[in-house]
Amino acid sequence: MGVKTLDKPSSRRARLILQLATEGPPRTLRELADAAGVSHQRVSQVLRRYAPHVRTRGNPPAAPPVIATCAWCGYGFEQERRSTKYCSVTCAAWARAEKQRAETEHRGDAIGQRAYAARRASPATPWREIAAEVGAANGHSAHLGAKFHAIRRGLPWPIRRAKGKP
């Protein structure tokens, strides 16, 4: 059985609630309940049944969605929170991976730059000693870091050891 809907309420309190809700400034459900002498649940029930169009004071109407631009792909999307920067978890993951790659590359490039400078200053020094000096994992990684630094910057490579005894 469905809910019985009436055009006009039959009870005196329901008529009072409707009169209080429609006349004067908007009030909260609890204010209407105190004025009519009923519970706020009853006020809500009466308003839903007889006057669903009447707004009470309380939560403001929902704001229109904010259209933001994704920081990764550049497409527009509806922001659910003001702090949202990406349109999807995929874009967020791509951005996070790119940031991590850039940080790793920067750190590796710094080691390569220092290894290249150390090798350039003293070509006779073995790579394992240069690696210990610049903080590389081993001589091979110091050698590769210096090599990639030189290639990226257009610097002379390879740096050879001086022939003969010093």
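For clarity, every value in this text was computed on a predicted model and none was experimentally measured.

Examining the packing of helix α1 (residues 12–22) against helix α2 (residues 29–36)
Next up, step 1: At a minimum axis distance of 10 Å, the contact between α1 and α2 shows a crossing angle of 135 degrees. Considering their axes alone, α1 and α2 lie oblique with respect to each other. The two elements α1 and α2 cross, and the hand of that crossing is right-handed. Packed against α1, whose contacting residues are Arg 13, Leu 16, Ile 17, Leu 20 and Ala 21, the element α2 presents Leu 32, Ala 35 and Ala 36 at the interface.

Details of α2
Next up, step 1: Looking only at α2, the buried set comprises Leu 32, Ala 33 and Ala 36. Projected down its long axis, α2 shows its buried positions confined to an angular sector of 100 degrees, all on one face. Of the exposed residues in α2, those oriented more than 90 degrees away from the buried face are Arg 30 and Asp 34.
Next up, step 2: Along its buried surface, α2 packs onto α1 and α3 (40–50).
Next up, step 3: A positive phi of about 80 degrees marks Gly 37, the residue just after α2.

Let's talk about the pattern of salt bridges
Next up, step 1: Overall, the coordinates contain one salt bridge when judged by the stated rule.
Next up, step 2: Across the salt bridge formed by Glu 98 and Arg 101, the nearest N and O atoms sit 2.7 Å from each other. Linking Glu 98 with Arg 101, this pair stays in helix α4 (residues 89–121), spanning three residues, or about one helical turn.
Next up, step 3: For Glu 98, a relative accessible area of 33% puts it in the partly exposed group.

Some words on the environment of Glu 78
Next up, step 1: Position of Glu 78 among the secondary structure elements: in strand β2 (residues 76–79).
Next up, step 2: Expressed as a C-alpha distance, the spacing of Glu 78 and Ile 67, which sit 11 residues apart in the sequence, is 4.7 Å.
Next up, step 3: When residues no more than four places from it in sequence are discounted, the contact partners of Glu 78 are Pro 65, Val 66 and Ile 67.

Cut-offs and rules
Residues numbered from 1 in each chain as written. Predicted model: local features only at pLDDT ≥ 70, side-chain atom pairs only at ≥ 80, totals over all residues. Heavy atoms only, no water. Axes fitted to C-alpha atoms, helices over the stretch in contact; angles between N-to-C directions. Helix = DSSP H or I, 4+ residues; strand = E, 2+ residues; numbered from the N terminus. Parallel < 35°, antiparallel > 145°, perpendicular 65-115°, else oblique. Left-handed = near helix turned anticlockwise from the far one by under 90°. Contact = heavy atoms within 4.5 Å. Buried < 20%, exposed > 50% of the residue type's maximum accessible area, 1.4 Å probe, protein only. Arc of directions from axis to C-beta. Salt bridge = Lys/Arg side-chain N within 4 Å of Asp/Glu carboxyl O.

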